[in-house]
Amino acid sequence: MDRYQRQTVLKEFGPEAQEMLKDASVLVVGAGGLGIPVLQYLNAMGVGTLGIVEQDVVEITNLQRQVLYTENDLGKPKLDVVLKRLQTQNSNTRFKVFDTFLSRQNALDIISEFDVVVDGTDNFPTRYLINDSCVILKKPFVSGAIQGFEGQLSVFNFQDGPTYRCLFPNMPGQAEIPNCNENGVLGVVPGIIGNLQALEVIKVITGRGEALSGKLLLFNGLLQSYQTISFSRCPENMAITSLQESYGMELCDVYNTLKLEDLEKLSKEGTTIQLIDVRTEEEYTNYCLPHIKSKNIPLDELLARTQELDLNSPIYILCQSGKRSAVAVKQLEELNLGPTLYHIEGGINRFLTLSQ
Ligand SMILES: Nc1ncnc2c1ncn2[C@@H]1O[C@H](COP(=O)(O)OP(=O)(O)OP(=O)(O)O)[C@@H](O)[C@H]1O
């Protein structure tokens with residue numbers, strides 16, 4: 001209790017709220033720009049059980065905002081790095097880690113183990129998946145989103161309050177979704193929104209203050225402005241009883257994406273690359289990457305030929321444009337074979353463009 005004295009001394013908080021934190025379990029999906037501050041503060045403040053779902057590795061472009069990671073962590077699984085750091089930060093916390101991406105297949109099982117869910121991801125399919133799972137399992141979830149200099153925050157599905165679908169009924173089409181890699185984000189913005197998410201989690205768990213349910217907070221970093229808009233519940237959104245057939249996750253950047261240039265760099269450094277080209281045999285015979293050895297397993301044969309994969313080393317998947325490779329990674333991911341899976345962005349087309 002000494003450790004938490006500075007917050008238990010607050011008369012609106014007190015030792016009772018601290019006990020509530022200790023008894024609570026919170027799942028954080030994604031240990032990126034938002035998830036990192038959420039995890040660090042919840043861990044510091046004494047939340048008893050923390051779950052983390054993540055399967056990405058630390059990349060150089062993560063360092064300007066995912067401030068727990070250091071240059072020494074580049075290439076390492078985020079989950080490993082984050083777990084080690086959080087364990088040294090608070091040895092009382094119980095951690096449940098899930099070395100996977102949240103998907104339609106695992107979401108209900110994973111989420112059912114926790115009291116509150118935090119969305120720290122960066123894509124719409126996962127947000128709708130979290131929402132629907134939380135509605136089915138009757139769990140509140142604290143949502144954050146960022147882009148550029150701006151951020152959004154809300155608490156959904158809390159005490160019969162509105163859900164994510166009450167605010168955003170339909171998932172935007174691919175063409176409407178801004179791509180984070182292209183749009184960028186100012187490093188400090190996820191820090192601000194992530195900290196606010198942590199605060200909402202504390203309020204949800206302890207009942208202190210008023211959770212941001214039925215309200216959306218809009219933050220503009222350039223103007224240093226915070227605006228809140230209200231929205232109400234639509235009963236049909238509370239009536240979800242099963243997950244959708246598909247959330248289109250293969251189309252989003254959930255899986256490790258590697259640029260061909262980075263693959264070439266690894267190859268030049270002498271790393272043995274297990275490169276699987278999932279185009280048809282005919283396409284492969286007509287043309288294959290000239291400078292990195294690859295093996296052809298057409299996408300429609302992939303699941304039947306997994307015994308040809310070396311499961312002890314990462315698998316890099318290539319196709320013509322990057323679409324089939326994303327699907328291939330998704331399919332293999334669901335088999336939980338073990339090795340890290342990468343899909344090569346832009347595929348052979350990118351190579352042909354770059355080499356012109
Ligand atoms: N379905 C999912 N399950 C678990 N984690 C996810 C899922 N979707 C995304 N994530 C994780 O959420 C985090 C989001 O972090 P962030 O938005 O800061 O960007 P990033 O994906 O790390 O980097 P960048 O977008 O620059 O490539 C990532 O670590 C990503 O792996």
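Keep in mind that what you see is a predicted model, and the values were worked out from it rather than measured.

### Observations concerning the packing of aromatic side chains
- What the rule picks out here adds up to 8 aromatic pairs.
- Here Y128 and Y164 contribute two aromatic rings whose centre-to-centre distance is 5.1 Å and whose plane-to-plane angle is 80°, an arrangement assigned as edge-to-face. Taken together, the residues Y128 in helix α6 (residues 124-137) and Y164 in helix α7 (residues 164-167) connect sequence positions 36 residues apart. Note on accessibility: Y128 and Y164 belong to one class, buried.

### Describing the site of the ligand
- In the vicinity of the ligand there are 20 residues, among which G33, E54, Q66, K78 and L102 approach most closely.
- At 3.3 Å from an oxygen atom of the ligand is found a side-chain nitrogen or oxygen belonging to N62.
- Bound to the protein, the ligand loses 93% of the 630 Å² it would expose on its own.
- Class assignment for the residues of the shell around the ligand results in 5 nonpolar, 10 polar and 5 charged.

### Points about the sheet that holds strand β3 (residues 94-98)
- Strand order in the open sheet formed by 8 strands is β3-β2-β1-β4-β5-β6-β7-β8, and the pairing between neighbours is mixed. In this open sheet, the two edge strands, each paired with only one partner strand, are β3 and β8 (225-230). Going from strand to strand, the sheet's axes swing by 15° on average, the running direction of each strand aside.
- Pairing of strand β7 (residues 215-220) with β8, which is carried by 6 bridges, proceeds in the antiparallel orientation. The residue of β8 that forms the bridge with N220 is S225.

### Side note on the UniProt feature "domain: Rhodanese" (unreviewed entry) in the chain
- With numbering aligned to this structure, UniProt lists the feature "domain: Rhodanese" (unreviewed entry) at residues 269-353.
- Segment residues 269-353 splits into 31% helix and 19% strand. End C-alpha atoms: 23 Å apart.

### Some thoughts on the side chain of S294
- With respect to the secondary-structure elements, S294 resides in strand β11 (residues 294-296).
- If sequence neighbours within four positions are ignored, S294 has contacts with L275, D277 and Y284.

### Remarks on unusual backbone geometry
- For K138, which is not glycine, the phi dihedral falls at a positive 55°.
- Mapped onto the elements of the fold, K138 is located in the loop between α6 and β5 (141-147).
- What makes K138 exposed here is its relative accessible area of 69%.
- Non-glycine residue Q159 carries a positive phi angle of around 45°.
- By the element assignment, Q159 lies in the loop between β6 (150-156) and α7.
- What makes Q159 exposed here is its relative accessible area of 68%.

### Observations regarding the packing of helix α3 (residues 35-45) against helix α4 (residues 78-89)
- Interhelical geometry of α3 versus α4 gives an angle of 25° and a closest axis separation of 9 Å. By the angle between their directions, the pair α3 and α4 is classed as roughly parallel. Every pair of crossing elements has a handedness; the one defined by α3 and α4 is right-handed. Contacts from I36, L39, Q40, N43 and A44 of α3 reach α4 at V82, R85, L86 and Q89.
- In terms of residue class, the contact of α3 with α4 is built from 5 nonpolar, 3 polar and 1 charged.

### Section: the sheet that holds β11
- Spatially, the 5 strands line up as an open sheet ordered β9-β13-β12-β10-β11, and their pairing is parallel. Bordering the open sheet on either side are β9 (256-259) and β11, each of which pairs with just one other strand. On average, adjacent strands in this sheet sit at an angle of 35° to one another, irrespective of strand direction.
- Where β9 meets strand β13 (residues 341-345), 4 bridges bridge the pair, whose relative direction is parallel. Bridge assignment links T257 to a residue of β13, and that residue is H343.
- Set on the sheet, helix α13 (residues 323-335) makes contact with β12 (315-318) and β13; between it and β13 the angle comes to about 170°.
- Against the sheet, helix α14 (residues 347-354) touches β9, β10 (274-277), β12 and β13, its axis set at about 45° to β13.

### Focus: the environment of R279
- Relative to the helices and strands, R279 resides in the loop between β10 and α12 (281-286).
- Through-space distance from the C-alpha of R279 to that of L318 is 7.9 Å; in sequence the pair is 39 residues apart.
- In contact with R279, other than residues within four places in its own chain, are Y284, Y287, C288, N296, P298, L318, C319, Q320, R324 and I348.
- Here the side chain of R279 touches D277 through a polar contact of 2.8 Å, side chain to side chain.

### A word on the confidence of the model for the chain
- Confidence along the chain averages 91 in pLDDT terms, with 95% of residues attaining 70 or more.
- Predicted as a complex, the structure gets a pTM of 0.77 and an ipTM equal to 0.98.

### Brief notes about the pairing of β5
- By the criterion of burial, β5 is predominantly enclosed, with 5 of the 7 residues buried.
- When strand β4 (residues 116-119) meets β5, the two strands line up parallel, connected through 3 bridges. From the neighbouring strand, D119 faces β5, where its bridge partner is S143.
- Between the parallel elements β4 and β5, the chain passes through α6 in a crossover that is right-handed.

Criteria and thresholds
- Sequence order as written defines the numbering, with residues in each chain counted from 1.
- Per-residue local features are limited, in this predicted model, to residues with pLDDT of at least 70; the limit for side-chain atom pairs, both in listing and counting, is 80 or more; totals at the level of whole chains, interfaces and linings are taken over all residues.
- Note: side-chain values were computed over all heavy atoms of the structure, leaving out hydrogens and water.
- Only Phe, Tyr and Trp rings are paired, with Trp represented by its six-membered ring, and only when their centres lie within 6.5 Å; those with planes under 30 degrees apart are stacked, over 60 edge-to-face, the remainder tilted.
- Secondary structure counts use DSSP, requiring at least four H or I residues in a row for a helix and at least two E residues in a row for a strand, with both numbered from the N terminus.
- With a 1.4 Å probe rolled over the protein chains alone, any residue whose accessible area is under 20% of its type maximum counts as buried; one over 50% counts as exposed, and the rest are partly exposed.
- The nearness test applies per residue and asks whether one of its heavy atoms lies within 4 Å of the molecule or strand.
- Any N or O atom pair separated by 3.5 Å or less is treated as a polar contact, with the protein-specific requirement of one donor-capable and one acceptor-capable atom, and with residues adjacent in sequence counted only for side-chain atom pairs.
- Computed with the Shrake-Rupley method and a 1.4 Å probe, the accessible areas treat only the protein chains shown as cover for residues.
- Charged residues are taken to be Asp, Glu, Lys and Arg, nonpolar residues to be Ala, Val, Leu, Ile, Met, Phe, Trp, Tyr, Cys and Pro, and polar residues to be all remaining types, Gly included.
- Note on pairing: two strands pair once DSSP finds at least 2 bridges between them.
- Angles shown run from 0 to 180 degrees and are taken between the N-to-C directions of axes, each axis being a line fitted to C-alpha atoms and, for helices, limited to the stretch in contact.
- UniProt positions are given in the numbering used here, feature names are shortened, and annotations may be inferred rather than shown by experiment.
- It only takes one pair of heavy atoms within 4.5 Å for two residues to be counted as in contact.
- Note that the term roughly parallel is reserved for angles under 35 degrees, roughly antiparallel for angles over 145, roughly perpendicular for angles of 65 to 115, and oblique for everything else.
- Here a crossing is taken to be left-handed if its near helix is turned anticlockwise relative to the far helix by less than a right angle, and right-handed if that turn runs clockwise.
- What pLDDT expresses is the predictor's confidence in each residue, scored from 0 to 100.
- When the strands point away from the viewer and the path from the first strand over the helix to the second turns clockwise, the crossover is right-handed.

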